Amino acid sequence: MALRELKVCLLGDTGVGKSSIVWRFVEDSFDPNINPTIGASFMTKTVQYQNELHKFLIWDTAGQERFRALAPMYYRGSAAAIIVYDITKEETFSTLKNWVKELRQHGPPNIVVAIAGNKCDLNDVREVMEKDAKDYADSIHAIFVETSAKNAININELFIEISRRIPSTDTNPASSGKGFKLRRQPSVTKRSCC
Amino acid sequence: SHSAADLLLLGGHRECILSGIMSVNGKKVLHMDRNSYYGGESASITPLEDLYKRFNLPGTPPESMGRGRDWNVDLIPKFLMANGQLVKMLLYTEVTRYLDFKVIEGSFVYKGGKIYKVPSTEAEALASSLMGLFEKRRFRKFLVYVANFDENDPRTFEGVDPKKTTMRDVYKKFDLGQDVIDFTGHALALYRTDDYLDQPCQETINRIKLYSESLARYGKSPYLYPLYGLGELPQGFARLSAIYGGTYMLNKPIEEIVIENGKVVGVKSEGEVARCKQLICDPSYVSDRVTKVGQVIRVICILSHPIKNTNDANSCQIIIPQNQVNRKSGAVSPLSRFVSISDLFAPTDPGTESQIFISRTYDATTHFETTCDDIKDIYKRMMGSEFDFEEMKRKKNDIYGEEEQQ
């Protein structure tokens, strides 16, 4: 089965639950006291989609979103971006548009965008109506789901939907111009001494 | 309002590497940059329109150059030696994970109006049209000597005293002619002038060894280059720092470096003082604490064609030895040309009293070895102990999910 590596970057204000969503997806666990800068450099999970394996390489912001210091590198080569807001905090939904703008500016042109309204388990303190968010997501052709990392609601569904929207391999540009990763022990070709 | 940072950094590329190292080692790090992008004076500029603006070129890039966003233009072009110190830093910190590299396709040397491939292995030396037959044999012997040379093993010296014998005398010992000396000094040892000839040979021999060992790693050339430009390097180290709790702020105008009793206590930005115990910055933030030590002229050209005699290489380095500089070349006809003249600055004092540790301006070398020496020097000045690559290793597991496929 073909394995495809798909980079996914997370966006959204501090405290909306970006790390928790990935944590739930990758480790199927939830930590209410998760450190704001969890310090995960990389999180991966492979899921089967039709006749392909999709290995998600998920980049967390490492707190660099706080002062809007996310580097172009963060967006580079992303197949998808998940923009997260907190349904109990109106202002995290208002700033969503800025993140979309940021993504349009720095992200790859054909990136799949998903919007996740997190903390949907806290319905009684909701400040953002589901319909408003859905309408906005539709207007920018983005995936939309309300999620709860805490109660494991719609987390897997979010990634399945991303898999569905990723263009099939053959539409990707040729990978001939690609680089390589440095390794500690590269193939050292010892030159024989005549 | 916040508790003081152990270390505050301002600007550039080296500062990003240092903030990565210090965060990994548990220091509370705050990094500010007056620019809206990472890397300071050695950033990669994107889109192309910004480069035109930066150099005050009239108009916009011609349509034939395609999408401006697809361009990343290095302000200070350099390569990484495949076996050099920066690669070691990238591997130890695992910043390599965020970066993709390419091998530069060739290294060339300019001689008498023509471009030649730099021979650096025995096989290449024997095939090169740069030397006559007898010269080739002598050069081959010299390369074998250098490959076997070990500064800790006197049996490999063959009568040379690495700390006393000049390089000029080593060349004499192998009976090498002026042309070979030229490309060995400039294209293998990568010296910019001929001053090294009268200095002890150890440094030069080690430089040639670094070149050969770098070449042996990936073939083609000893040079590596990040796929999306040098600006990726500070971004990668900044991410490392952030993962270890470092805080990053771009677009921060710096108004004042606050000193109390001769010692730095903070930096004032937008009316607020961020407190710190130590400060690292590039010379542009502290004009009263640096002295001018030279100048460098950089010319960025965008070419519409590969360079003659380079086998249509997509990427290459061409060294023009000092004594070839005044010849007319005509090898290239650039589409656009961007020229900068920069002053080189060095700190006036080591910073041990003020606790302000200032880096040096990027010099004209074609690779990062002197940059890494500067990083190690700053480390030593602020920590009081020698830099150790082991210190750069990540201290905790920070990869979750499946094991990375190696």
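Everything numeric in this text was worked out from a predicted model, so none of it was measured.

Each value, and the rule that gives it
- Residues numbered from 1 in each chain as written.
- Chains lettered and ligands numbered in written order.
- Predicted model: local features only at pLDDT ≥ 70, side-chain atom pairs only at ≥ 80, totals over all residues.
- Heavy atoms only, no water.
- Helix = DSSP H or I, 4+ residues; strand = E, 2+ residues; numbered from the N terminus.
- Rg over C-alpha atoms; globule rule 2.2 N^0.38 Å.
- Buried < 20%, exposed > 50% of the residue type's maximum accessible area, 1.4 Å probe, protein only.
- Contact = heavy atoms within 4.5 Å.
- Lys, Arg positive; Asp, Glu negative; His and termini not counted.
- Charge placed at Lys NZ, Arg CZ, Asp CG, Glu CD.
- Areas by Shrake-Rupley, 256 points an atom, 1.4 Å probe, with all protein chains shown as cover.
- Salt bridge = Lys/Arg side-chain N within 4 Å of Asp/Glu carboxyl O.
- Buried area = accessible area lost by both parts, 1.4 Å probe.
- Polar contact = N/O pair within 3.5 Å; in protein donor to acceptor, adjacent residues only side chain to side chain.
- Phe/Tyr/Trp six-rings, centres within 6.5 Å; stacked < 30°, edge-to-face > 60°.
- Lys NZ or Arg CZ within 6 Å of the ring centre and 35° of its normal.
- Pairing = 2+ DSSP bridges.

1. Side note on the overall build of chain B
Phase 1: Secondary structure summary: chain B contains ten helices and 18 strands in total.
Phase 2: Over its C-alpha atoms chain B spans a radius of gyration of 23 Å, differing by no more than 12% from the 22 Å that the globule rule assigns to 406 residues.
Phase 3: Once the C-alpha set of chain B is aligned to its principal axes, its extents read approximately 75 × 60 × 50 Å.
Phase 4: A total of 406 residues make up chain B; the buried ones form 54% of that total.
Phase 5: Here the contacts in chain B between residues at least 6 apart in sequence split such that 71% fall between residues at least 24 apart.
Phase 6: Averaging the coordinates of the 52 positive side-chain charges in chain B and doing the same for the 54 negative ones gives two points 3 Å apart.

2. Notes on the overall build of chain A
Phase 1: Counting its regular elements, chain A contains six helices and six strands.
Phase 2: Counting from the amino terminus, chain A carries its helices and strands in the arrangement β-α-β-β-α-β-α-α-β-α-β-α.
Phase 3: In chain A, which comprises 194 residues, the proportion classed as buried is 51%.
Phase 4: Accessible surface, chain A: about 9,400 Å² in total, of which carbon and sulfur atoms supply 50%.

3. A look at the pattern of salt bridges
Note on pairing: side chains with opposite charge can pair once their charged atoms come close.
Phase 1: Inspection of the entire model under this criterion finds 31 salt bridges over all chains.
Phase 2: The salt bridge involving Asp161(B) is made with Lys164(B); its shortest N-O contact spans 4.0 Å.
Phase 3: The exposure class of Asp161(B) is partly exposed, given its relative accessible area of 31%.
Phase 4: By sharing partners, the salt bridges in this structure join Asp86(A), Lys89(A) and Lys119(A) into a single network.

4. Let's talk about the interface of chain B and chain A
Phase 1: The partner chain A presents 49 residues to the 49 residues of chain B that form the contact.
Phase 2: In total, about 4,300 Å² of surface goes out of reach between chain B and chain A, with carbon and sulfur atoms giving 52% of it.
Phase 3: Joining chain B to chain A, the criterion identifies two salt bridges.
Phase 4: Salt-bridge contacts for Glu232(B) lead to Arg76(A); the nearest nitrogen and oxygen are separated by 2.4 Å.
Phase 5: At the boundary of chain B with chain A, the tally comes to eleven residue pairs in polar contact (both at pLDDT 80 or more).
Phase 6: Per-element tally for the side of chain B that touches chain A: the top contributor is helix 9 (residues 232-243) of chain B, with seven residues.

5. With respect to the packing of aromatic side chains
Phase 1: Across all of its chains, the model carries 27 aromatic pairs over all chains by this definition.
Phase 2: With 6.0 Å between their ring centres and 50° between their planes, Phe142(B) and Tyr171(B) make a pair best called tilted. Of this pair, Phe142(B) sits in helix 5 (residues 133-148) while Tyr171(B) is found in helix 6 (residues 167-173), placing the two residues 29 residues apart along the sequence.
Phase 3: Taking the relative accessible area as the measure of exposure, Phe142(B) reaches 0% and is therefore buried.
Phase 4: Taking the relative accessible area as the measure of exposure, Tyr171(B) reaches 1% and is therefore buried.
Phase 5: By way of ring pairs, the aromatic residues Phe139(B), Phe142(B), Tyr145(B), Phe149(B), Phe157(B), Tyr171(B), Phe174(B), Phe183(B), Tyr191(B) and Tyr196(B) are connected into one cluster.
Phase 6: Seen from the ring of Tyr136(A), Lys97(A) lies directly overhead, with NZ or CZ sitting 5.1 Å from the centre.
Phase 7: Its end group placed over the ring of Tyr145(B), Lys173(B) keeps NZ or CZ at 6.0 Å from the ring centre.

6. Focus: the side chain of Glu15(B)
Residue and element names in this part refer to chain B.
Phase 1: The residue Glu15 is located in helix 1 (residues 13-24) in this model.
Phase 2: Despite its burial, Glu15 remains without a salt bridge, the nearest opposite charge being carried by Arg14 at 5.1 Å.
Phase 3: Residues within four places of Glu15 in sequence aside, it is in contact with Leu9, Leu10, His31, Ile280, Cys281, Asp282 and Ser359.

7. As for the pairing of strand 11 (residues 256-260) of chain B
Where a strand is regular, its side chains alternate between the two sheet faces.
Residues and elements named next belong to chain B.
Phase 1: Where strand 11 lies against strand 12 (residues 263-269), five bridges are found, and the strand directions are antiparallel. Opposite Val258, over in strand 12, you have Gly266 as the bridge partner.
Phase 2: Between strand 11 and strand 12, which pair antiparallel one after the other, the connecting turn spans two residues, and Asn261 there sits at a positive phi close to 50°.

8. Some points on unusual backbone geometry
With the exception of glycine, the majority of residues adopt a negative phi angle, and the majority of peptide bonds are in the trans configuration.
Residue and element names in this part refer to chain B.
Phase 1: Cis peptide bonds are those with omega within 30 degrees of zero, and the linkage from Thr46 to Pro47 qualifies with -5°.
Phase 2: The residue Pro47 is located in the loop between strand 3 (44-45) and helix 2 (48-54) in this model.
Phase 3: The backbone of Glu94 sits at a positive phi, close to 60°, despite the residue not being glycine.
Phase 4: Positionally, Glu94 belongs in the loop between helix 3 (85-93) and strand 6 (101-103).
Phase 5: Even without a glycine there, the phi angle at Lys220 is positive, about 50°.
Phase 6: Following the sequence through the fold, Lys220 ends up in the loop between helix 8 (202-218) and strand 9 (223-226).

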